[in-house]
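In case you want the letters, here they are:
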Amino acid sequence: MSFAIIQRAYKTILKIFNLVYSDLIKNDYHSKIWREGTRIILKKPDKLNYSISKTYRIITLLNCLNKVAEKIITVQLSYTAEINDKLLNFDQMKGRKQRSAIDAVLNLVHDVQMMKSRENTLICLLLAVKEVFDHVTLKQLIKILIKLKISINLINWIKCFLQNRIIGLAFDDECQKSKKISTEISQDSFISLILFLIYIRYWFSKIRAKFENLQSLSYIDNVMLYIEWRNIDKNVKMLENAAKIAFIWTENNAVQFNNLKSELIHFESHKTTFNQMIILLNNIIIKSKTCIQWLKVWLIQKLNFKVYVQAKIVTVIKTLHSLFRLMNSEWKLNVKSEKQLYLICITFISDYDVEI
């Protein structure tokens, strides 16, 4: 309702709205009231133990005018990233136009297929950043923005936007008094994704400078490092050294990896199975797997998609049975509604990632 009112107001006094947004951004100011929000804590369904924090998810209700201001800056940064290759690494996905999860996996699949044609072995290390937005420090982010020669006006606006944020929690019909939060970047903001990509931009540059043959793919907190070579032991050693550089960088920049989600896989062009392992800087051993799931796509050593297709079929059948129960209920949906539900529920699941 509140946003509908704002839309009507915008159509009526368009010039005033445009002038206000333009002046606020030019003067590096983000209104205090726009930095306030309410976080609603929701229980995730079908969880056994609700005493664990991961069994809940949080949605933040933000001011509508704030969302518009964020969107303006996000579009500006995204546009700058496309015309200036120094702002972001080419292989950094998400938060940018035409860079989806499907594109990230397609890139990897293409490189594996090229490796097969050369009869080499490609080894991949999957790393996951822990609590992405909680580990971004404002001081370090500002230093990176200055180094990338972002305009002073934009840097000052980002600084104003991220400081003095106030959040109130709502849980089980009870609302807590609003308090200042220490988290530098809010996960729910439009601008958060592009700012995090900029924050970890030099991580990839540092690895690439050391290892020219090493490739990297990043989809927000999911990072894939991989290298192709005929010498398997050399591959493993280079990837291990690259991982050490990554861990040193994260320690120096207040970022952490979720070691439980680290995985290793060899994509092979021949019948031999390799079982090499990688030892990370914190002495955690990552053993090679025959099958991993990356960005919701199952990948196996021979790059055969049977496992992924089977998983899709199981999900589709489960959803289809639920749909049948709804169709056979006393409500008796009409044919048009049934078709609409089928397209939204079944076709969406079965066709997602079909390009891969």
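Refer to the structure printed above.
Throughout what follows, the structure given in this document is the object of discussion. Given the structure is predicted, the values throughout are model-derived calculations rather than measurements. (Residues numbered from 1 in each chain as written. Predicted model: local features only at pLDDT ≥ 70, side-chain atom pairs only at ≥ 80, totals over all residues. Heavy atoms only, no water.)

Our focus in this paragraph is the sheet that holds strand β3 (residues 92-93). Here seven strands make up an open sheet; going across it, the order is β3-β8-β9-β4-β10-β12-β11 and the pairing mixed. In this open sheet, the two edge strands, each paired with only one partner strand, are β3 and β11 (277-279). One ladder, built from eight bridges, connects strand β4 (residues 121-128) with strand β9 (residues 222-229); its direction is antiparallel. Residue pairing in the sheet places Leu127 in a bridge with Val223 of β9. (Pairing = 2+ DSSP bridges. Helix = DSSP H or I, 4+ residues; strand = E, 2+ residues; numbered from the N terminus.)

This next bit is on the environment of Lys71. Tracing the backbone shows Lys71 in helix α3 (residues 64-83). For Lys71, a relative accessible area of 44% puts it in the partly exposed group. Sequence spacing of Lys71 and Ser189 is 118 residues, and the spatial spacing of their C-alpha atoms is 9.0 Å. (Buried < 20%, exposed > 50% of the residue type's maximum accessible area, 1.4 Å probe, protein only.)

What follows covers the pattern of salt bridges. Per the stated rule, a full pass over the model turns up five salt bridges. Note that Glu240 is salt-bridged to Lys237, the shortest N-O span being 3.8 Å. Taken together, the residues span about one helical turn, with Glu240 and Lys237 both in helix α9 (residues 232-252) at a distance of three residues. On the basis of relative accessible area, Glu240 is assigned to the buried category, the value being 11%. Lys237 sits in the partly exposed class, given a relative accessible area of 46%. Across the pair Lys289 and Glu263 runs a salt bridge whose closest N-O atoms are separated by 2.8 Å. Of this pair, Lys289 sits in strand β12 (residues 285-289) while Glu263 sits in strand β10 (residues 263-267); the two residues are 26 residues apart in sequence, bridging distant segments of the chain. (Salt bridge = Lys/Arg side-chain N within 4 Å of Asp/Glu carboxyl O.)

Applying the stated criterion to the full structure yields eleven aromatic pairs. Ring centres of Tyr50 and Tyr56 lie 5.9 Å apart, and the angle between their planes is 65°; on these two criteria the pair is classed as edge-to-face. Through pairs of rings, three or more aromatic residues link up here, namely Tyr199, Trp203, Phe204, Phe247, Trp249 and Phe257. In this structure, Arg165 packs its charged tip against the face of Phe161, placed 4.6 Å from the ring centre. When the ring centre of Tyr202 is taken as origin, the NZ or CZ atom of Arg201, which lies over that ring, is 5.6 Å away. (Phe/Tyr/Trp six-rings, centres within 6.5 Å; stacked < 30°, edge-to-face > 60°. Lys NZ or Arg CZ within 6 Å of the ring centre and 35° of its normal.)

Spanning 17 residues, helix α4 (residues 101-117) covers 25 Å between terminal C-alpha atoms, matching the ideal 24 Å at 1.5 Å per step. Among all positions of α4, only Ala101, Ile102, Ala104, Val105, Leu108, Val109, Val112 and Met115 are buried. End-on, the buried residues of α4 take up no more than an arc of 165°, which puts them together on one face. After α4 finishes, the residue Glu119 shows a positive phi value of roughly 60°. (Expected span 1.5 Å × (residues − 1). Arc of directions from axis to C-beta.)

We now examine the pairing of β12. Strand direction decides the pairing type here: β10 and β12, joined by two bridges, are parallel. For Ile265, the partnering residue across the bridge sits in β12 and is Lys289. Relative to β12, β11 is paired through three bridges, and the arrangement is antiparallel. In the sheet register, Met277 faces β12, and the bridge partner there is Lys287. Between β11 and the antiparallel strand that follows it, β12, lie five residues; Asn283 among them carries a positive phi value of about 65°.

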